[in-house]
Amino acid sequence: MSAAQLPERSSFHPWTDPNAQPFITFQNVTKRYGDVVAVDNLTLNIYEREFFALLGPSGCGKTTLMRMLAGFEELSEGSLHLAGEDLAGVAPYRRPVNMMFQSYALFPHMNVEANIAFGLKQEGMAKADIAERVGRMLALVKMEDFARRKPDQLSGGQKQRVALARSLAKQPKVLLLDEPLGALDRKLREETQFELMELQEQLGITFLIVTHDQEEAMTVADRIAVMERGKIVQVAPPMEIYERPTNRYVADFLGDIDLIETTVAKHAKGFVQLETAGGVSLKVASEDVPSVGSTAWFAIRPEKFAITKAKPKSADNLLSGEVWDIAYMGGMTIYKVKLDDGDFAKAMVMNRDLTSGSRITWEDRVWLSCSRDAARLLTS
Amino acid sequence: MTGAPTPLQRIVSRATIWVPYLWLLLLFLAPFAMVAKLSLSEPAIAQPPYIPAFFFSDGLADIWAKLQQFSFANYVFITQDSLYWKAYLSSLQIAVISTFLCLLVGYPLAYGMARVPRNWRPTLLMLVVLPFWTSFLIRVYAWIGILKKEGLLNQFLLWLGVIGEPLTILNTSTAVYVGIVYSYLPFMVLPLYANLERQDPTLLEAANDLGCTRMAAFWKITVPLSFSGIVAGSLLVFIPAVGEFVIPSLLGGSDTLMIGRVLFDEFFQNRDWPVSSAVAVILLLILIVPIMLFQRSEARGREAGR
Ligand SMILES: Nc1ncnc2c1ncn2[C@@H]1O[C@H](COP(=O)(O)OP(=O)(O)OP(=O)(O)O)[C@@H](O)[C@H]1O
Ligand SMILES: [Mg+2]
């Protein structure tokens, strides 16, 4: 990615602009298979040139959502618009949408080249142009040496790259990627992520991507939607969804989080005071003011906890416990601490120098502390 | 526990490799050798009606000596009488057309079966195989009842008013085609169904997604992928159809010349076992050549893909 493009991207947030026209609109969409409700009264706007990620556990309806957009499934209820056009009754081959299938769906009787050229031939593109485009696509996914192979002579990762190239070849307005990079090794995956982002800048394609890899979603997406059983729980840019999850499901789904169940004790100016079952009082900055006596969760990311052997002199929130387990991860260390009331909490420490990882060991008594702004109050 | 195979295990695993060869030897090569040998002998008024060219019980040297003075007189005779090659050609023609007709009828049938909801398929499959539960001969006889002048078909068409007077179908080549297509259809449908049912439906979605209409996707994806099923079904129909004897005898007229009938007449009417054996050997060669050519092209195709 060139540096010149970054500022442009960072100012890209049409979803905050009330005048912006959404490019793709799911309006109260429901999809049923017999008794199974795969997508449940879902409303979602996606904007042109957006890189949009769908996250959620297996079976929550991600693929179904994509298949409706590609035209393989009819909606049971609701409507679906693309660039202002109602897609009801529009055949898949008439939609400016291409999909990369979760199972790749490469044509087994055609070699790699022919697979990639398939859509272009269908379009009636000139032979020379097809050859040129196929060459570019092969280079993009680094499969030049395999152009003449048949799909059953490729590894899983290679198949995936061909499938990606094939779906990109037609340069559609919308590209649907169903777990596009799952079978790639880490290095290739990171490279391809950047390639995808760059491609999106260049071609102005709107990307809708399904992934099980949160880091990947965070890296590539302008916005992330977290789904649960056919519904969208939260849609927000990566940073917001990580820092300000709206409920425990989202908080827990994205990254690690410590959730401590508490009762609301009192409200003060700019913060809410909570009390754990063990009687420890905790403060958290919050605009929401849940009623006193109701249950609320004190949520904090492990990296926001400070862990010390000596009791900190002043801290908004202090919890004591015993080191139960240590996971050394190279760049950082994760301490699993058994709090005095029996709950567990995790704290993550960056290993800044060679000895920092060894200062605290198993069964040490430690203090976990954080400011009121580091934590978040969740009521559901 | 997996260690080195014991001697017994080794023998068993060797034996399993040899079973197909043993099968081939007992049920194909041995009878073929007998017929081939018969085709080289001279006819005679005797019991059995020929003078053997040699005996398998002769010593090897003896067989070799006799081999050198073999007479291919029977083969020469076949090439000289136009009846034989006309019968071969007409059999091949009838078999090719019947195979094509079977494909024309069988492909949509198999395609439909592979597309209906999964729980219907076993029933449909059963229905395809059901005719095998009655004797082949009875089923062909039944067609006589349907096709003859005062048969069911004519009655029905007359009743409909489509025709003014009964059609002559029985004892024409049309009746032979009807009989062959009817009898061999399951052999076309079954391999095609097995192939089509296995095809991944997401491939069609992918083709749709890349701009193909359903029709185009059928021709570009489904049909090429079912090629091996088409070939298997066609061979299963074509090979027995070439040598078919019962159907042309019962449904065909005197003008329907088929090599199976010629062979039968030669064997039982003329009692010329050597010539009829030669007819059979040539028939076999005619059938084996296309199969081998096909297998060669298959193997080459597979290599070209690498
Ligand atoms: N053709 C179908 N018939 C019946 N049920 C279906 C069908 N397709 C999907 N479902 C059901 O709909 C729900 C959503 O499926 P979907 O494939 O969208 O999940 P997903 O989020 O893509 O999961 P994964 O991450 O495992 O790919 C599941 O409960 C699934 O069993
Ligand atoms: Mg899926």
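One can find the structure itself at the top, above this paragraph.
Quantities reported herein were computed from a predicted structural model and do not represent experimental measurements. (Residues numbered from 1 in each chain as written. Chains lettered and ligands numbered in written order. Predicted model: local features only at pLDDT ≥ 70, side-chain atom pairs only at ≥ 80, totals over all residues. Heavy atoms only, no water.)

A. Quick peek at the overall build of chain B. The helix and strand tally for chain B stands at 14 helices and two strands. In summary, chain B has a C-alpha radius of gyration of 25 Å against a globular reference of 19 Å for 306 residues, an excess of more than 25%. C-alpha extents for chain B along the principal axes are approximately 75 × 70 × 35 Å. Here chain B holds 306 residues, and 37% of them are scored as buried. For chain B, contacts bridging at least 24 residues in sequence account for 69% of all contacts bridging at least 6. On chain B, roughly 18300 Å² of surface is accessible, and the fraction owed to carbon and sulfur atoms is 71%. Averaged over its 20 positive side-chain charges, chain B has a centre that lies 9 Å from the centre of its 17 negative ones. (Helix = DSSP H or I, 4+ residues; strand = E, 2+ residues; numbered from the N terminus. Rg over C-alpha atoms; globule rule 2.2 N^0.38 Å. Buried < 20%, exposed > 50% of the residue type's maximum accessible area, 1.4 Å probe, protein only. Contact = heavy atoms within 4.5 Å. Areas by Shrake-Rupley, 256 points an atom, 1.4 Å probe, with all protein chains shown as cover. Lys, Arg positive; Asp, Glu negative; His and termini not counted. Charge placed at Lys NZ, Arg CZ, Asp CG, Glu CD.)

B. Looking closely at the coordination of the magnesium ion (ligand 2). At this site the magnesium ion (ligand 2) is bound by A:T63 (OG1) and A:Q102 (OE1), with donor distances of 1.9 to 2.6 Å. With A:T63 in helix α2 (residues 62-70) and A:Q102 in the loop between β6 (97-100) and α3 (112-123), the pair connects residues that are 39 residues apart, well separated along the chain. (Donors = N, O, S within 2.8 Å, 3.2 Å for Na, K, Ca; no water.)

C. Looking closely at the pairing of strand β13 (residues 281-285) of chain A. All names here are of chain A. Taking every second residue as pointing to the same face, the buried face of β13 carries L282 and V284, while none of S281, K283 and A285 on the other face is buried. Two strands pair when backbone bridges link them, and strand β12 (residues 271-276) and β13 are joined in this way by five bridges, in the antiparallel orientation. Pairing of Q273 across the sheet is with K283, part of β13. In textbook terms, the turn of a hairpin is the stretch between consecutive antiparallel strands, and for β12 and β13 this stretch comprises four residues, one of which, G279, has a positive phi near 90 degrees. (Pairing = 2+ DSSP bridges.)

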